[in-house]
Amino acid sequence: MNVQYILELLGTFTFAISGALAVQGKSEDWFGAGFTGFITAIGGGTLRDILLGSYPLTWITDIYIIYTILIAIFAASIFNKVLQRLRRTLSIFDTLGIALFTVAGVEKALSLGVRWEIAAIMGMFSAVFGGVIRDTLINETPVLFRREIYASACLAGGLFYVFLSFLDVPRDWNFICSASFIVTVRILAVKYHINFPKL
Amino acid sequence: MNVQYILELLGTFTFAISGALAVQGKSEDWFGAGFTGFITAIGGGTLRDILLGSYPLTWITDIYIIYTILIAIFAASIFNKVLQRLRRTLSIFDTLGIALFTVAGVEKALSLGVRWEIAAIMGMFSAVFGGVIRDTLINETPVLFRREIYASACLAGGLFYVFLSFLDVPRDWNFICSASFIVTVRILAVKYHINFPKL
Amino acid sequence: MNVQYILELLGTFTFAISGALAVQGKSEDWFGAGFTGFITAIGGGTLRDILLGSYPLTWITDIYIIYTILIAIFAASIFNKVLQRLRRTLSIFDTLGIALFTVAGVEKALSLGVRWEIAAIMGMFSAVFGGVIRDTLINETPVLFRREIYASACLAGGLFYVFLSFLDVPRDWNFICSASFIVTVRILAVKYHINFPKL
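Residues numbered from 1 in each chain as written. Chains lettered and ligands numbered in written order. Predicted model: local features only at pLDDT ≥ 70, side-chain atom pairs only at ≥ 80, totals over all residues. Heavy atoms only, no water.

(A) Summary view of the relation of the copies chain A and chain B. Between chain A and chain B, which share one sequence, the superposing operator has a rotation angle of 120° and an axial displacement of 0.0 Å; the RMSD is 0.0 Å. As the rotation angle and translation indicate, the two copies are arranged about a three-fold axis. Different-surface contact between copies: only 12% of interface residues of chain A are shared with the interface of chain B. (Least-squares fit on C-alpha atoms with pLDDT ≥ 70 in both. Contact = heavy atoms within 4.5 Å.)

(B) Main features of the interface of chain C and chain A. With 32 residues of chain C at the contact, the number on the chain A side is 31 residues. Where chain C abuts chain A, roughly 2700 Å² becomes buried across the two surfaces, and 73% of that area is made up of carbon and sulfur atoms. Where chain C touches chain A, the interface holds zero salt bridges. For the interface between chain C and chain A, the tally reads three residue pairs in polar contact (both at pLDDT 80 or more). Only α2 (30–52), α7 (116–137) and α8 (151–166) of chain C provide two or more residues apiece to the side of chain C that touches chain A. Looking at the side of chain C that touches chain A element by element, the count peaks at 11 residues for α7 of chain C. When grouped by side-chain class, the residues that make up the side of chain C that touches chain A number 22 nonpolar, five polar and five charged. (Buried area = accessible area lost by both parts, 1.4 Å probe. Salt bridge = Lys/Arg side-chain N within 4 Å of Asp/Glu carboxyl O. Polar contact = N/O pair within 3.5 Å; in protein donor to acceptor, adjacent residues only side chain to side chain. Helix = DSSP H or I, 4+ residues; strand = E, 2+ residues; numbered from the N terminus. Nonpolar A, V, L, I, M, F, W, Y, C, P; charged D, E, K, R; others polar.)

(C) Structural detail: the interface of chain A and chain B. Contacts between the two partners involve 32 residues from chain A, matched on the other side by 31 residues from chain B. Approximately 2700 Å² of surface area, both sides summed, lies buried where chain A meets chain B, with 73% of it carried by carbon and sulfur atoms. Where chain A meets chain B, there are zero salt bridges. Put simply, chain A and chain B have three residue pairs in polar contact (both at pLDDT 80 or more) between them. Residue assignment for the side of chain A that touches chain B shows that the elements contributing at least two residues are α2 (30–52), α7 (116–137) and α8 (151–166) of chain A. For the side of chain A that touches chain B, the class distribution of residues is 22 nonpolar, five polar and five charged.

(D) Quick peek at the UniProt feature "transmembrane region" (unreviewed entry) in chain A. Residue and element names in this part refer to chain A. The UniProt entry lists residues 6–23, 30–51, 63–83, 118–137, 149–167 and 173–194 under the feature "transmembrane region" (unreviewed entry), expressed in the numbering used here. Structurally, residues 63–83 is divided into 95% helix and 0% strand, and its ends, taken at the C-alpha atoms, are 26 Å apart. Annotated as 100% helix and 0% strand, the span residues 118–137 places its first and last C-alpha atoms 27 Å apart. (UniProt positions renumbered as here; feature names shortened; annotations may be inferred.)

(E) Expanded view of empty space enclosed by the protein. Evaluation of the coordinates by the stated rule reveals seven cavities of 30 Å³ or more. Those elements that provide at least two residues to the lining of the largest cavity are α2 and α7 of chain A, α2 (30–52) and α7 (116–137) of chain B together with α2 and α7 of chain C. Its residues assigned to classes, the lining of the largest cavity shows 30 nonpolar, nine polar and no charged. (1 Å grid on protein atoms, 1.4 Å probe; cavity = no way out; pocket = protein on both sides within 12 Å on 5 of 7 lines; lining within 4 Å. Points joined across faces, edges and corners; volume = space filled by probe spheres on them.)

(F) Highlighting the relation of the copies chain C and chain A. Between chain C and chain A, which share one sequence, the superposing operator has a rotation angle of 120° and an axial displacement of 0.0 Å; the RMSD is 0.0 Å. Counting the interface residues of chain C, we find that no more than 12% of their copies in chain A are interface residues as well, pointing to two distinct contact surfaces.

(G) Main features of the packing of helix α8 (residues 151–166) of chain B against helix α9 (residues 171–191) of chain B. Residues and elements named next belong to chain B. Where α8 meets α9, the axes come as close as 9 Å, and the angle between the chain directions of the two elements is 155°. Judged on the interaxial angle alone, α9 and α8 are roughly antiparallel. As α8 runs across α9, the sense of the crossing is right-handed. Within the contact between the two elements, α8 uses Ala153, Cys154, Ala156, Gly157, Phe160, Tyr161, Leu164 and Ser165 and α9 uses Arg171, Asn174, Phe175, Cys177, Ser178, Phe181, Ile182 and Val185. Classifying every residue of the contact of α8 with α9 by side-chain character gives 11 nonpolar, four polar and one charged. (Axes fitted to C-alpha atoms, helices over the stretch in contact; angles between N-to-C directions. Parallel < 35°, antiparallel > 145°, perpendicular 65-115°, else oblique. Left-handed = near helix turned anticlockwise from the far one by under 90°.)

(H) Structural detail: the environment of Leu144 of chain B. By secondary structure assignment, the location of Leu144 of chain B is in the loop between α7 and α8. The class for Leu144 of chain B is buried, based on a relative accessible area of 5%. Residues Leu144 of chain B and Phe129 of chain B lie 15 residues apart in sequence; the distance between their C-alpha atoms is 9.4 Å. Once residues within four sequence positions are removed from consideration, Leu144 of chain B is found in contact with Val128, Val132 and Ala151 of chain B together with Gly32 and Phe35 of chain C. (Buried < 20%, exposed > 50% of the residue type's maximum accessible area, 1.4 Å probe, protein only.)

Encoded structure:
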C-alpha cells in the first residue's frame, strides 16, 4: 500500500532526526550525530526482524530507507537551530512515528504467523527499541523509563490492532484506527500528565 | 523432560523478578519495571539462539514463557516490599537461575553440533546476558564486573558439563551434577568472598 | 587468502587486548577483563553477520578465533604494565585492526550480494561495533563520539573499496589500497587533530 509505505518512511525520517539531535553535547562532531540518527531509525525494526528471523532486513534490500535517513541527517545538521525550537512539533512527529512503527510491526509479525501476544510485543519493540538503543549509546536513561505513557501506549495500540483484526475489521481501517488510538493515548498522557503508578 | 522444563520456567520467573526489582529508583512506573523484567528473563537465551542461528526463538513459540514472565512481573509489583526484604533468598533463586540457564544453554548448543568450547561459552552467555542487558539498560555497571565469581562459575559449570558428557555420564545426571556444581561454586564464592585476582 | 586471514587474526588479537585493557578500574578481576576483550573482538563481525543473516557465525565454526582471543587476554593479563606503556603502539594496532575489519567486512557483504551502500556501512559496522559494545558495557561514551576521525575513516575506506572494485581493480590490490587508505586517513587525523565540524 502506497500510503502506508510513505508513512513508514516519514516515521523513519523523524526517528533519524530525533537520534541526530539527541547526541547534542555528547558527540563532538556531526558524524557521530548521523551515526546515532541511523541507529535510532533502523534499530527497532531491525531488532523485530532479527527476533522473528525475518531475512533479509528491510533496510538492506530497500535502499530508499538509507537515503531517507541520509536526508534526515542532512536536514538535522542544516536546520539544527530551527529544529531545536520546533521540538514540540517534532515530538508530535515522534508520536506519529511510534504509532506507525507499532502498527506496521504488529502487521508484519502477524503475517509471519506468530501468536497475537507476540505480535503486540513485536509492535512495541519496533516502535521503542530504536530510542532505547539511542539512549543506551549516549549513556542516558532510556526514554521508556521517563514518566508518561510511551511504550505502554504502543503495547496497548498493538493489542488494539490485534483485537480489531480478530473482529475482521478491514486492514486499512484497522491500520488507521490503531495508529490514531496510539497517537490519542500518547497526546492525552502528555497533556494531562497521566502516568502509571510507581512500582 | 518435564522436570527440566519446570526448572527452566522457574529460572525465567526469578530472572523476571530480579529485572523488575532492579529498576527501582531508575524507572518511575511499573511498566518500565515490567519491560526490564521481560528483557532480563529472555535476554540471555535470545542472544544464544541468535548467535547460533537457532530459529524460531523459544519464547516466540512457547507462550508459557510469556505468561510466566507476566506472573513474575505481577508478583514483583504486588509483593514488592516483601521481595525487597527477601533479597537474600532471591539471590539464591538467581544462583539457581544461572545454573539452570547455563546447563540448558550448553545442552542446546551441543545439540546444534557446535564445538565444546563454543557450547560452554553459549551456556555462560545464556546465563549472564539477561543481567548484562538489564544493567546496561538502567545504566549500571554490569553484574559481571562486580566482585565475586559469577560469569566464571557459569563458564566453569559449562566446561564441567561438557567434560561429563565426554565421559558418557547420562544426560539427567550430568544436568543435576553440573547445575549443582555451579550453585556450589557460587555459594562458596559469596560466603568466603573468593574473587579472581585483579588484572 | 592466507595473508588476509593472518591479518584478520591479528586484528582480532589487538581488539581483544584493547577490550581487556579498557576495563581497568571498572572491573575488579581479570575474568571481567577477558569477557570484555572477547566481546570487543567478536562484536563487530558478529553484528555484521547477524544483520546480513550470514550463518553460521565465523567464530562459532573457526575455533582459531577463540584461541587467538584467549592468547590475547592471557597476554593482556601478563604484560599488563608493558602494554599500558605501549599504548601508542597499540593505537597503531587498533588502527590496523579497524582498517582490516572494514575491508574484510565490505568484501563479505559484497560477496553476499548486497548493494554497495550497504556493503560500505557493513564494513564500518564490523570495524567499530566491537568498540561501541565494549564502551557501552563499561558505561563510557562510545569511542565514535570522541573527537578525531574514526568511524568516518572506516566508512570512507569502505566506499573507497567499493569504488576500486567498480573500476575492476584486482581484489588483492584493492584490499591493500583500501586498508592503507583507512590507516593513512586515521593517522593524519590523529596527528593533525582533524575533526568533523560540530553539529
